[in-house]
Structure formats: C-alpha cells, structure tokens
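Listed here are the chains, written in short residue letters.
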Amino acid sequence: TYNPNLPCINVPNPNPNPNPTPTPTPTGPSAGSLGKTAWANNCQSCHGGNTSKGGNANNIMTAIANNTGGMGILNGRVSATDASNIATYAANPGAY
C-alpha cells in the first residue's frame, strides 16, 4: 500500500542540502582573559593594579631576562605566550 510518509525508491530528494551548516568550532578564552589570569598570578603582587608598564610581550620577556626590578624570578614561569596575553590585558584591562 502507498504510504506518503515513506520515500519512494529511486526518486530524488526534492530538497537536497548540498551545504550543511557546519558545527561551530568551540573557542577558548580570549588572550586578554588569559592575560588577566596571568597578571593576577605573576604580576599583581608587585605591580598591583598598575598595568601601565605592561608594554608589549617583548618588553616583558626582556625585563624578565634582565631581572629588571627583580622580575627575573619569573624566568621559566612566564612563557612568551603568557607575556603576550599579559600585554593584551595590560593594554586595556577594563575590557576583561
């Protein structure tokens, strides 16, 4: 017997979907959010809330390497990625 709810054999689908909606790729925290955490864990105890001297990642890594202001204690603890995230946060701390 005929059932309108079942597809017929050898009849093309009238509504093919050649471009299915892709599943979104999950994203992690932003660089600034990670920088805020890194700042709290590595910088805040000495610098407090003063992010104005954060500069850029290169400045941060140079200060650590040269032990500027005792920052050498962070050598091996703050990576280049951490420094980049800290610099992103320090540039606009109110955004995070």
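Please refer to the structure higher up on the page.
To start, this report covers the structure provided alongside it. Keep in mind that this is a model prediction, so the values were computed, not measured.

1. A few points about the packing of helix H1 (residues 31-42) against helix H4 (residues 80-91)
Two numbers describe how H1 lies on H4: the axes approach to 7 Å, and their chain directions differ by 100 degrees. One element, H1, and the other, H4, form an angle in the roughly perpendicular class. Residues Ala31, Gly32, Leu34, Gly35, Lys36, Ala38 and Trp39 of H1 touch H4, and the partners they reach there are Asn85, Ile86, Thr88 and Tyr89.

2. Description of the environment of Asp82
Within the fold, Asp82 resides in helix H4. A relative accessible area of 24% places Asp82 in the partly exposed class. For the pair formed by Asp82 and Gly35, sequence separation is 47 residues and the distance between their alpha carbons is 6.7 Å.

3. Things to note about the packing of helix H3 (residues 57-65) against H4
Helix-helix packing: each pair is described by the crossing angle between the helix axes and the interaxial distance. Axis separation between H3 and H4 bottoms out at 8 Å; the angle between their running directions is 125 degrees. Looking at the two axes, H3 sits oblique to H4. Seen along the crossing, H3 lies across H4 with a hand that is right-handed. Between H3 and H4, the residues in contact are Ala57, Ile60 and Met61 and Ala80, Ala83, Ser84, Ile86 and Ala87, respectively. Taken together, the residues that form the contact of H3 with H4 break down as 7 nonpolar, 1 polar and no charged.

4. As for H4
In this model H4 runs 16 Å from its N-terminal to its C-terminal C-alpha over 12 residues, within 8% of the 16 Å that 1.5 Å per residue would give. Along H4, the residues classified as buried are Ala83, Asn85, Ile86, Ala87, Tyr89 and Ala90. On the buried face of H4, the contacting elements are H1 and H3.

5. Looking at the packing of aromatic side chains
Using the criterion set out here, one finds 2 aromatic pairs in the structure. With 6.2 Å between their ring centres and 55 degrees between their planes, Trp39 and Tyr89 make a pair best called tilted. Here Trp39 is found in helix H1, whereas its partner Tyr89 is found in helix H4, with 50 residues between them in sequence. Note on accessibility: Trp39 and Tyr89 belong to one class, buried. Between Tyr89 and Tyr96, the aromatic rings sit 6.3 Å apart at their centres with planes inclined by 55 degrees, giving tilted as the arrangement. The exposure class assigned to Tyr96 is partly exposed, which follows from its relative accessible area of 32%. One aromatic cluster is present, formed by Trp39, Tyr89 and Tyr96 through successive ring pairs.

Calculation rules
- Residues numbered from 1 in each chain as written.
- Predicted model: local features only at pLDDT ≥ 70, side-chain atom pairs only at ≥ 80, totals over all residues.
- Heavy atoms only, no water.
- Axes fitted to C-alpha atoms, helices over the stretch in contact; angles between N-to-C directions.
- Helix = DSSP H or I, 4+ residues; strand = E, 2+ residues; numbered from the N terminus.
- Parallel < 35°, antiparallel > 145°, perpendicular 65-115°, else oblique.
- Contact = heavy atoms within 4.5 Å.
- Buried < 20%, exposed > 50% of the residue type's maximum accessible area, 1.4 Å probe, protein only.
- Left-handed = near helix turned anticlockwise from the far one by under 90°.
- Nonpolar A, V, L, I, M, F, W, Y, C, P; charged D, E, K, R; others polar.
- Expected span 1.5 Å × (residues − 1).
- Phe/Tyr/Trp six-rings, centres within 6.5 Å; stacked < 30°, edge-to-face > 60°.

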